[in-house]
Each structure stands twice: as C-alpha cells, then as structure tokens.
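# Architecture at a glance
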Amino acid sequence: MKTTRHATYNLNYHIVWLPKYRQSVLKGEVASRVRSILHEIADDKGVEILDLTVQPDHVHLFVSSPPKNEPALLANWFKGISSRKYNHRYADHDGEKIGWARGYYAGTAGNVSSETVENYIQQHKEGDL
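The text that follows walks through the structure, step by step, so that each part is easy to find. Please read all numbers here as calculations on a predicted model, not as lab measurements.

Residue Y21 is not a glycine yet carries a positive backbone phi of 60°. Along the chain, the position of Y21 falls in the loop between strand 3 (12–17) and helix 1 (28–45). Classification of Y21 as exposed rests on a relative accessible area of 72%. In this structure, R22 is a non-glycine residue whose phi angle is positive, near 50°. Note on placement: R22 falls in the loop between strand 3 and helix 1.

What follows is the structure in structure tokens.
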C-alpha cells in the first residue's frame, strides 16, 4: 500500500502502445534509450515502474500511480513525453524519429482480496471515525 496526504492506495496499471505503423523500430540502442526515457518520466511524475518491456514493435509498461492520475493521463504522459524527448535528443544524430500510434491498451491490476476490503471497512465503521 502507498499513501498520499489524503489517500491510501494500490493502483497498478498495465499500459501497452505501439510505434506508428507497428514498425519494428524498438531494437538495440533505440530500445535502451526509450527504456531510459520512460524511467525519467516516471521519476518526474512520481509514478513507480513495476515492470517494463520494450519489444521491437510495442511497449509493455506496468506502473503504480496515485489516484489523481487516470490511465489516459499516464498513457499520454509516457507516449507524448517519450517521443518528444527521444526525437529532441537522438533524431538529429540517428536521423530516425520515434512516433507512437494513436491508441493504447490500459488495464488495472491489484492484489487486494475481498477479505482485506471487508476487514478495512470493519475497522473504519462510522463510530470509529
């Protein structure tokens, strides 16, 4: 469990996106650079990367994020900022820009059982507040 000033949470998101035209461009040094940039973005935004896989034709990102960050915002951050940073840093040197397809997949994952939720509710009944 993680906390902010006003919330206790366990929100984990699996986000997947593709390069434009599903080209297999995420190989070798390009994949390494993208991976590094995604970690920079997570650090800047206060999001924890739980797992990350950069495949030649798609990216799998598993992150834990505070409740204020909706999945669409996370996808937009990681896709938009990563392409801008990559293209600014490396496109002049390598001549190849990175662009992402418009869509993405987002799913949620957590590890709280119904028993845990029931115990939490029981501990925080109205009289206990």
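So much for the structure itself; the text now carries on.
The next thing to look at is the packing of aromatic side chains. One pass over the structure, following the stated rule, counts two aromatic pairs. With a centroid separation of 5.8 Å and an interplanar angle of 90°, the aromatic rings of W17 and W100 are classed as edge-to-face. Pair noted here: W17 is in strand 3 and W100 is in the loop between helix 2 (71–94) and strand 6 (105–109), with a separation of 83 residues, a long-range link. Pair check on accessibility: W17 and W100 agree, each one buried. Ring centres 5.1 Å apart and planes at 50° place the aromatic pair Y86 and Y90 in the tilted group. Pair noted here: Y86 and Y90 are both in helix 2, with a separation of four residues, about one helical turn. If you follow R33 out to its NZ or CZ, it ends over the ring of Y90, 4.1 Å from the centre.

Criteria and thresholds
Each residue is numbered by its place in its chain's sequence as written, counting from 1. The predicted nature of this model means local features are confined to residues of pLDDT at least 70 and side-chain atom pairs, given and counted, to a pLDDT of 80 or more, with totals for whole chains, interfaces and linings taken over all residues. Note: side-chain values were computed over all heavy atoms of the structure, leaving out hydrogens and water. Helix and strand definitions follow DSSP, with helices as H or I runs of at least four residues and strands as E runs of at least two, each counted in order from the N terminus. Think of it in three bands: residues with accessible area under 20% of the maximum for their type are buried, residues over 50% are exposed, and the middle band is partly exposed, with areas taken using a 1.4 Å probe on protein chains only. Ring pairs shown here join Phe, Tyr and Trp side chains whose ring centres sit within 6.5 Å, with only the six-membered ring taken for Trp; geometry is labelled stacked below 30 degrees between planes, edge-to-face above 60, and tilted in between. Any Lys NZ or Arg CZ found within 6 Å of a ring centre and within 35 degrees of that ring's normal is scored as a charge over the ring.

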